[in-house]
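Letter by letter, the chains look like this.
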Amino acid sequence: EAGVVQSPRYKIIEKKQPVAFWCNPISGHNTLYWYLQNLGQGPELLIRYENEEAVDDSQLPKDRFSAERLKGVDSTLKIQPAELGDSAVYLCASSFVTGELFFGEGSRLTVL
Amino acid sequence: QQQVKQSPQSLIVQKGGISIINCAYENTAFDYFPWYQQFPGKGPALLIAIRPDVSEKKEGRFTISFNKSAKQFSLHIMDSQPGDSATYFCAAAPGRQGSARQLTFGSGTQLTVLP
């Protein structure tokens, strides 16, 4: 069974540029999460989807971050414009109902 | 507000030794306590989890000890191996069923097992 797939794995951009990350969850998983992981820190939840509905986006900086989950499957996380402090790993995870979280390998963003 | 405090930040253990990582929490609503293992360049993966109705859970060389009154839980890795070298995160989630949907992670412990 394929795991959570994320792309791109690495992205380097200049500050103020836009960037987008894509996530394909495990088939059948209705819950999708985007986490932010700063260097040397644990993951922090940005947004959680139940099917296509964002049910917890309280930690998403809505002035520059946006996310969508079309048709309750794939999801995209966008940052516009990116700032130096956004350099981090963006992790996508999925789960079935209340089950175990499965993480992707992450998208490492470097903002210059 | 850091709801799950993890220590130590880094740990070096000789092969065959015991690795011990500790976590403390504040939110009494937490009802699910998993540990995740993360290798460089990979996402975290669930290692072992416990619910507060038991004080200990063992899976192979990995054991979680849970102290509800002290609001602390720990991971013990017996007979540590170089392949165990990774970053370990404790986490906690609230709710009667303790789902993974609202996990709060600790800050991580970088474990190095020397050959």
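Note that the structure is predicted; figures quoted are calculated from it, not measured.

Criteria and thresholds
- Residues numbered from 1 in each chain as written.
- Chains lettered and ligands numbered in written order.
- Predicted model: local features only at pLDDT ≥ 70, side-chain atom pairs only at ≥ 80, totals over all residues.
- Heavy atoms only, no water.
- Pairing = 2+ DSSP bridges.
- Helix = DSSP H or I, 4+ residues; strand = E, 2+ residues; numbered from the N terminus.
- Axes fitted to C-alpha atoms, helices over the stretch in contact; angles between N-to-C directions.
- Disulfide = S-S within 2.5 Å.
- Buried < 20%, exposed > 50% of the residue type's maximum accessible area, 1.4 Å probe, protein only.
- Core = buried A, V, L, I, M, F, W, Y, C linked by side-chain atoms within 4.5 Å.
- Contact = heavy atoms within 4.5 Å.

Visitor: I'd love a proper account of the sheet that holds strand β8 (residues 75-79) of chain A, names of residues and values included.
Guide: All names here are of chain A. Judged by pairing direction, the sheet is antiparallel, and its four strands sit side by side in the order β1-β3-β8-β7 without closing on themselves. Looking at which strands have only one partner, the edges of the open sheet turn out to be β1 (5-7) and β7 (65-68). Pairs of neighbouring strands in the sheet enclose a mean axial angle of 15 degrees, with direction left out of account. Alignment of β1 against strand β3 (residues 19-24), held across three bridges, turns out to be antiparallel. Of the residues in β3, the one forming a bridge with glutamine 6 is cysteine 23.

Visitor: An account of the state of the cysteines is requested, with residue identities and associated values reported.
Guide: Residue and element names in this part refer to chain A. Going through the model one piece at a time under the given rule, you end up with two disulfides over all chains. Sulfur-sulfur distance for the disulfide between cysteine 23 and cysteine 92 comes to 1.9 Å. In this structure, the disulfide formed by cysteine 23 and cysteine 92 twists by about -70 degrees around the S-S bond and is classed as left-handed. A residue pair is termed long-range when its members are at least 10 positions apart, and cysteine 23 in strand β3 and cysteine 92 in strand β9 (residues 88-95) qualify at 69 residues. One exposure class covers both cysteine 23 and cysteine 92, and it is buried.

Visitor: Quick one: what's the story with the pairing of β3 of chain A, residue by residue and with numbers?
Guide: Residue and element names in this part refer to chain A. Judged by which residues are buried, β3 turns out to be one-sided: Val19, Phe21 and Cys23 face inward and are buried, whereas Ala20, Trp22 and Asn24, on the alternate face, are not. By the bridge criterion, five bridges tie β3 to β8 in an arrangement that is antiparallel. Paired with phenylalanine 21 across the bridge in β8 is leucine 77.

Visitor: Please set out the nonpolar core residue by residue, giving values where relevant.
Guide: If you look at the biggest cluster of nonpolar residues, it comprises 24 residues, and the most contacted ones within it are Phe33, Trp35, Phe73, Leu75, Tyr88 and Leu111 of chain B. Those elements giving two or more residues to this core turn out to be β2 (10-14), β3 (19-25), β4 (30-38), β5 (45-50), β7 (62-67), β8 (72-77), β9 (86-94) and β11 (109-114) of chain B. Top contributing element to this core by residue count: β9 of chain B, with four residues. Ignoring sequence-local partners within four residues, the contact set of phenylalanine 33 of chain B consists of Tyr25, Ile48, Ala49, Ile50, Pro52, Ile64, Phe66, Phe73, Ala91 and Ala92 of chain B. If you look at the next biggest cluster of nonpolar residues, it comprises 22 residues, including Trp34, Tyr49, Ala82 and Ala88 of chain A.

Visitor: Explain the sheet that holds strand β6 (residues 56-59) of chain B to me, and be specific about the residues and the numbers.
Guide: Residues and elements named next belong to chain B. Strand order across the open sheet formed by five strands is β1-β3-β8-β7-β6, with antiparallel pairing between neighbours. Strands at the two margins of the open sheet, each flanked by one partner only, are β1 (4-7) and β6. Averaged over all pairs of adjacent strands, the angle between their axes in this sheet comes to 15 degrees, without regard to strand direction.

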